[in-house]
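Spelled out from the first residue to the last, the chains are:
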Amino acid sequence: MIKDIPNSDEYKDVAIECLIQAYNNIYNVDNTLNNETPREEIWEYNQIVLRTAIVLIHQGLEGLMKSEICKKTPLLLIDRKRSDWKTLPDSADESFSEMNTIGGDDLLRTFFACVNTKKIDTNFLSHYEEIRIKRNKIVHGIGTEKLTPEYILILILNSFTYLLGKDSFWDAVSSKFYSHPGFKYEDSDIEWEDMIHYNRMEYLNLFIGKKELKKHFSTDITAREYLCPFCIEKAEMITEDGLKYPDSKWAFLNPNKPDSTNMSCIVCGTDFGIIREDCEKTNCKGNVKYLLEDDDTTETWVCLTCWNEEIKNT
Ligand SMILES: [Zn+2]
Ligand SMILES: [Zn+2]
């Protein structure tokens, strides 16, 4: 008997870890930049981070394919002629982890034998091929091609979206971030980093742009955007210049209709109710308000376009 057979989720979890690690490594290099060093030179110096990312993406893609194959049976992953399997009654047990598993072309063909081809993005095959070739050059020491962080970030996003669907990238980044043990211990450095999590979206927007980012979210992020009261509450902080809060807008009407009274924030994933009422501030054309505070005699409403607060007596 073959023992210690892995399951689909084990492969999937490791694959996601690889892809998120590739993303975080790139983010961390950009995040430590100061204004004096040109970014291009920093990335020339850090090419190894981008090459390692290719290796991690390749491992992630193979892991995600293996995870799908496992849903049929992990035995399909074994790279050994069936006639050599030591599974007859007189054989000792063998652990799956000690057996070689398929890769490359065999893996690809087995993967497509196990999934509904219509559910896999048509670009996946060329995407995998592009990464496989680049990865092989790198691990064989002939990868001298210059890589850019933008190119790799898009490869990471596509890897998620092609195999796991829209929203899967950001869900994975958020779940990795919020499972940091520091949150359990109220580690102030980590809690403060709520702002940093928010900045990860800003970062992607800055370097790859909304048009590209839009392909990876089910919400239309090119629609009219609003402030999210939950992101502001979580990430606001008092600085020498007064109260600072995330002022870019990642909340959208859901559905995106003129009379819609529901909103979703793609950064924190919160869905919340709003009212449609014109903002009182001059020059603000906003008509979406959120109930911030409600006590016995007053209600505080805030405009999600300009963050103007209005107190109403009840
Ligand atoms: Zn939010
Ligand atoms: Zn306003």
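Everything that follows concerns the structure shown earlier in this document.
Here the focus is the coordination of the zinc ion (ligand 1). Six octahedral donors around a metal ideally make angles of 90 or 180 degrees; four tetrahedral donors ideally make 109.5 degrees. Distances from the zinc ion (ligand 1) to its protein donors, Cys228 (SG), Cys231 (SG), Cys265 (SG) and Cys268 (SG), fall at 2.3 Å. Between the four donor atoms coordinating the zinc ion (ligand 1), the angles at the centre fall across 105 to 115°, so the site counts as tetrahedral. A relative accessible area of 5% means that Cys228 is categorised as buried. Under the relative-accessibility criterion, Cys268 is labelled partly exposed at 23%.

Given two aromatic rings, their pairing is described by the distance between the two centres and the angle made by the two planes. Under the definition given, this model contains 13 aromatic pairs. When the centroid spacing of 5.1 Å and the interplanar angle of 85° are considered together, the rings of Tyr27 and Tyr203 count as edge-to-face. Within this pair, whereas Tyr27 is found in helix α1 (residues 8-31), its partner Tyr203 is found in helix α9 (residues 194-213), the two being separated by 176 residues in sequence. For Tyr27, a relative accessible area of 2% puts it in the buried group. For Tyr203, a relative accessible area of 7% translates into the label buried.

A separate point is the coordination of the zinc ion (ligand 2). The coordination sphere of the zinc ion (ligand 2), as far as protein atoms go, consists of Cys279 (SG), Cys284 (SG), Cys303 (SG) and Cys306 (SG), spread over 2.3 to 2.4 Å. Read N to C, the donor residues that coordinate the zinc ion (ligand 2) are spaced as C-x4-C-x18-C-x2-C. Of this pair, Cys284 sits in the loop between β8 (275-276) and β9 (288-294) while Cys303 sits in strand β10 (residues 298-303); the two residues are 19 residues apart in sequence, bridging distant segments of the chain. Here the two residues Cys284 and Cys303 agree in accessibility, since each one is buried.

Parameters and conventions
Within every chain, residues take consecutive numbers counted from 1 along the sequence as written. Ligands are numbered from 1 and chains lettered from A, in the order in which they are written. A pLDDT threshold of at least 70 governs which residues receive local features in this predicted model, and a stricter bar of 80 or more applies before side-chain atom pairs are shown or counted, although totals over entire chains, interfaces and linings include all residues. Derived side-chain values reflect all non-hydrogen atoms in the structure, with water molecules and hydrogen atoms excluded from consideration. Donor atoms: N, O and S within 2.8 Å of the metal, or within 3.2 Å for Na, K and Ca. Because water is excluded, sites can look incomplete. Square planar and octahedral assignments, for four and six donors respectively, both demand that opposite donors be over 155 degrees apart and that all other angles lie between 65 and 115; tetrahedral needs four donors with all angles between 85 and 135 degrees, and anything else is irregular. Each residue is assigned to one of three classes by its accessible area relative to the maximum for its type, calculated with a 1.4 Å probe on protein chains only: buried under 20%, partly exposed between the two thresholds, exposed over 50%. Aromatic contacts are taken between Phe, Tyr and Trp rings whose centres are within 6.5 Å, Trp giving its six-membered ring; a plane angle under 30 degrees counts as stacked, one over 60 as edge-to-face, and the others as tilted. We count a stretch as a helix when DSSP gives it H or I for four or more residues in a row; a strand needs E for two or more, and each element gets its number in order from the N terminus.

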